[in-house]
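Here's the letter readout for the chains.
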Amino acid sequence: MLFAMPFLLQSCSDFLEQEPGTKTSITEQLKDKKGVLTALNGVYQNLEGDLRGERFAVYADVQGGNIKFTPSYTGASKGQISIPTNIKDVYSFDDKALASNFSSFYSDGYDIINQVNLILEYTDAVSDATDAEKNQIKAQALTIRAYVHFLLSEIYSQNYGYTNDASHLGIVYNLKSISQGLTYPARETAANTYSLIINDIKASLDLYSNTTLNAGPAYSYFNSNSAKALLARVYLSKKDYKNAYDTANDVIANSGVSLVSSANYISQWEQPDLPISEILLELSVTKSSDGTVNGSLSSYFGYIFDTNYGNYAASQDLVDLYETGDIRKQLFLEKPLSTLVNLQPVNKNYYFTKKFQGNPGYVAFRLSEQYLIRAEASIGLNNPEQAKTDINIIRARSNAAVLTNTNNITEALFLERRKELCFEGHLFFDIARNKKDVSRNDGCISLSCGLTYPSPKYVLPIPQSTLNLNSNLKQNESY
């Protein structure tokens, strides 16, 4: 691992400046502002690639039941429906520690954390950057460190309320790069994991300023508003309703971002390359020097024509949740595809999301989620009227019927999140946080189409290769 240190930051082509036949050491790379910013830009590219990768990008919606699979359109398997290889075991709630579908997500996540730790360790010594510029670099690095640890905890640790005191296993929380020496840490408790995540975000908020450093669109990089959006999500996951409410309310009131209007809602999701205007953070797709996109979410969700489309479409379970007049139904592109039924080809309708056609970026945070966080926090604070108000803001924007009372407000909020945030990576984590069962109906082709809460299968196994290297790690139950 020490031998590999000089190359850890070279995961994208422009991450390190190099002459033919040479490599740039970390010390050389991070000695000045230009090098540190190049490294930070590379971290964002790695983060986008990790989250946009098929495994994580579809995980929460596939597991929760928002997504079903489309039929093959080529070769001898034309019309057949099968589970995509990259999520085969995960989808069946039968992932294997020895050959986990998510092993690369785990290792890539900790690689990104190591990279931001290196940036944090070297930035103060950079002589050609002002204190404000150094603080801005460190703020982004701290927020990314918190964000990646949080995502890893969602995948590998049971929800915060799984035990009354959150004493169950969390994850390893790395605060130092491996250049500081190899360690073999144990997993934190869930309580400690969340404390460390919150500490990092709060520390970042003390450092952010209006200093502009990163090239490219501002929405592609963390700032104080998107860091607060992350903090609100973390507080909600922790069921710290007071702080979740206050933080989401701060973003809503002070970010300067407004909800996209009803009139523009569909057209903004449909536009290529650009994000919806209420975005707080969208990780832009990586492009080569000639402008070619190296990969995007459209490869999984896109529809080009009837012999070229992605593997994932909306389940009828999801589509049926929308009222007839709800404009969000227009975000589904309905297409008949030849499907084998009892060995005979039949045209069946599939619903492709319009959110991720063209060359979309990864939607990390947008303002609608903050309204729904504030609504859920309001329920936890015994203020159902405020929750009703926030839910109705989202429903009225969608031309859906507004709530007239607070009966079953918790379920109404859960369903509103499912409809508004579909395909954005929330459903399965919402199910776990609310201690609900998983029930997948339309399109389920697994022997296990549901889970009863609580279950050890709400989390994935720590990859066995990691356990072999670190005897202090404990495996998740049942794996």
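Numbers given to residues run from 1 along each chain, matching the order in which its sequence is written. Local features are withheld for residues below a pLDDT of 70 in this predicted model, meaning they are given only at 70 or higher, and side-chain atom pairs are given and counted only at 80 or more; totals for whole chains, interfaces and linings count all residues. For side-chain calculations, the full set of non-hydrogen atoms in the structure is used, while hydrogens and water are omitted.

Asks: I would appreciate a short explanation of the packing of aromatic side chains in the present structure.
Replies: Within a pair of aromatic rings, the relevant descriptors are the distance that separates the centres and the angle that separates the planes. Only Phe, Tyr and Trp rings take part, Trp by its six-membered ring, and two of them pair if their centres are within 6.5 Å. Stacked means planes under 30 degrees apart, edge-to-face means over 60, and tilted covers everything else. All told, the structure shown has 28 aromatic pairs when counted by the stated rule. An aromatic cluster is present here, built from Phe56, Tyr59, Phe102, Phe105, Phe428, Phe429, Tyr453 and Tyr458 joined pairwise through their rings. For Lys436, the ring lying beneath its charged end belongs to Phe414, and the centroid distance is 4.7 Å. The residue whose ring lies beneath Arg440 is Tyr91, and the NZ or CZ to ring-centre distance is 4.1 Å. Placement of a positive charge over a ring is assigned whenever Lys NZ or Arg CZ falls within 6 Å of the ring centre and within 35 degrees of the normal to the ring plane.

Asks: What exactly am I supposed to notice about the pattern of salt bridges here?
Replies: A side chain of one charge can pair with a side chain of the opposite charge when the charged atoms of the two come close. Each salt bridge in this description consists of a side-chain nitrogen of Lys or Arg and a carboxyl oxygen of Asp or Glu lying within 4 Å of one another. For the structure shown, the criterion picks out 29 salt bridges. Where Lys354 meets Glu270, a salt bridge forms, and the shortest distance between an N and an O atom there is 3.0 Å. Of this pair, Lys354 sits in the loop between β7 (344-353) and β8 (362-366) while Glu270 sits in helix α10 (residues 262-270), and the two are 84 residues apart along the sequence. Working definition: with a 1.4 Å probe on protein chains only, accessible area under 20% of the residue-type maximum means buried, over 50% means exposed, and in between means partly exposed. Lys354 gets classed as buried once you look at its relative accessible area, which sits at 18%. Under the relative-accessibility criterion, Glu270 is labelled partly exposed at 39%. Measuring nitrogen to oxygen at the nearest pair gives 2.8 Å for the salt bridge that ties Asp430 to Arg417. In this pair, Asp430 sits in helix α16 (residues 427-433) while Arg417 sits in helix α15 (residues 409-420), placing the two residues 13 residues apart along the sequence. You can call Asp430 buried: its relative accessible area is 3%. The exposure class of Arg417 is buried, given its relative accessible area of 4%. A network of salt bridges, in which partner residues are shared, links Glu278, Glu323, Asp326, Arg328, Lys355, Arg366, Arg395, Arg397, Glu416, Lys419, Glu420 and Glu424. Under the DSSP-based scheme used, a helix requires at least four consecutive residues in state H or I and a strand at least two consecutive residues in state E, with every element numbered from the N terminus.

These results come straight from atomic positions and should not be treated as a statement about function.
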